[in-house]
Amino acid sequence: EDIADAALTYFFAPATYRQQPQLVEQHRQMLIAQQNVEGMFAAARAVFARDDISARLAAINAPTLVLAGKADLATSATESELIASRLANAQLAILEQASHLLILEKPEAVRQIIGEFLNQIAAVAAVQ
């Protein structure tokens, strides 16, 4: 419980705290119920210790959607822009007032963006 509130600031945007407090509280309770602080710290350490593969992104030619929350503290909008810029066939979408769990914060916007992206891929495939 001691770390739940601090951890959640990496997952939810300030706007989500104001507009969807029940969503934040639900995830707060889920974190507390896990009672696996060591496991959570190990997962966080693994994320921050992972290899930087940004130099290899240029080898990816598949259509790619880079979807990010503008308020994401874990992967900033600038980092997402960099990722998209290194992919040969990328589209970038940054959602305002969303963070790392943007699919929970903005499910309809995420659904729309992914749907449009997949429709574009299907349209290109149909022409080829």
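Residues numbered from 1 in each chain as written. Predicted model: local features only at pLDDT ≥ 70, side-chain atom pairs only at ≥ 80, totals over all residues. Heavy atoms only, no water.

Undergrad: Quick question: what am I supposed to make of helix α5 (residues 77–86) here?
TA: Note: α-helices contain 3.6 residues per turn, so residues at a spacing of three or four share the same orientation. Buried residues of α5: Ala77, Ser80 and Ala84, and no others. For α5, the angular spread of buried residues about the axis comes to 60 degrees, placing them on one side. Of the residues in α5, the exposed ones pointing more than 90 degrees away from the buried face are Thr78 and Ser85. Contacts made by the buried residues of α5 are with β1 (64–69) and β2 (90–95). (Buried < 20%, exposed > 50% of the residue type's maximum accessible area, 1.4 Å probe, protein only. Helix = DSSP H or I, 4+ residues; strand = E, 2+ residues; numbered from the N terminus. Arc of directions from axis to C-beta. Contact = heavy atoms within 4.5 Å.)

Undergrad: Help me understand the nonpolar core in this model?
TA: Listed in full, the seven residues of the largest apolar core are Ala4, Leu8, Phe12, Leu23, Val24, Leu31 and Ile32. Listing elements by their share of this core, those giving two or more residues are α1 (4–8) and α3 (21–34). Non-local contacts of Phe12, meaning those with residues more than four positions away in its chain, are made with Tyr17, Leu23, Val24, His27, Ser99, Leu101 and Glu105. In terms of nonpolar packing, the next biggest core, distinct from the first, is built from six residues, Ala93, Leu102, Val110 and Ile113 among them. (Core = buried A, V, L, I, M, F, W, Y, C linked by side-chain atoms within 4.5 Å.)

Undergrad: What am I meant to see in the side chain of Ser54 here?
TA: Position of Ser54 among the secondary structure elements: in the loop between α4 (37–49) and β1. Residue class for Ser54 comes out buried when judged on its relative accessible area of 19%. Separated by 2.7 Å, the side chains of Ser54 and Asp52 make a polar contact. (Polar contact = N/O pair within 3.5 Å; in protein donor to acceptor, adjacent residues only side chain to side chain.)

Undergrad: When you look at the pattern of salt bridges in this model, what are you seeing that I'm missing?
TA: Side chains that differ in sign of charge can pair as their charged atoms come close. Going through the model one piece at a time under the given rule, you end up with four salt bridges. The residue Arg28 makes a salt bridge to Asp5 at a minimum N-O spacing of 2.7 Å. Taken together, the residues span a long stretch of sequence, with Arg28 in helix α3 and Asp5 in helix α1 at a distance of 23 residues. In this structure Arg28 comes out as buried when scored by relative accessible area, which is 16%. You can call Asp5 partly exposed: its relative accessible area is 42%. In this structure, the salt-bridge partner of Glu108 is Arg111, at a minimum N-O distance of 2.6 Å. Of the two residues, Glu108 and Arg111 both sit in helix α7 (residues 107–127), three residues apart, roughly one turn of that helix. A single salt-bridge network, built from bridges that share partners, covers Glu1, Asp5 and Arg28. (Salt bridge = Lys/Arg side-chain N within 4 Å of Asp/Glu carboxyl O.)

Undergrad: Help me understand α7, please; the structure alone is not making it clear to me.
TA: For α7, with 21 residues, the first-to-last C-alpha span of 30 Å sits near the 30 Å given by 1.5 Å per residue. Every buried residue belonging to α7 is among Val110, Ile113 and Phe117, and all of these are buried. Down the axis of α7, the sector holding all buried residues measures 75 degrees, keeping them to one side. Turned more than 90 degrees away from the buried face of α7 sit Arg111, Asn119, Ala126 and Val127, all of them exposed. Buried-residue contacts for α7 involve β1, β2 and α6 (102–105). (Expected span 1.5 Å × (residues − 1).)

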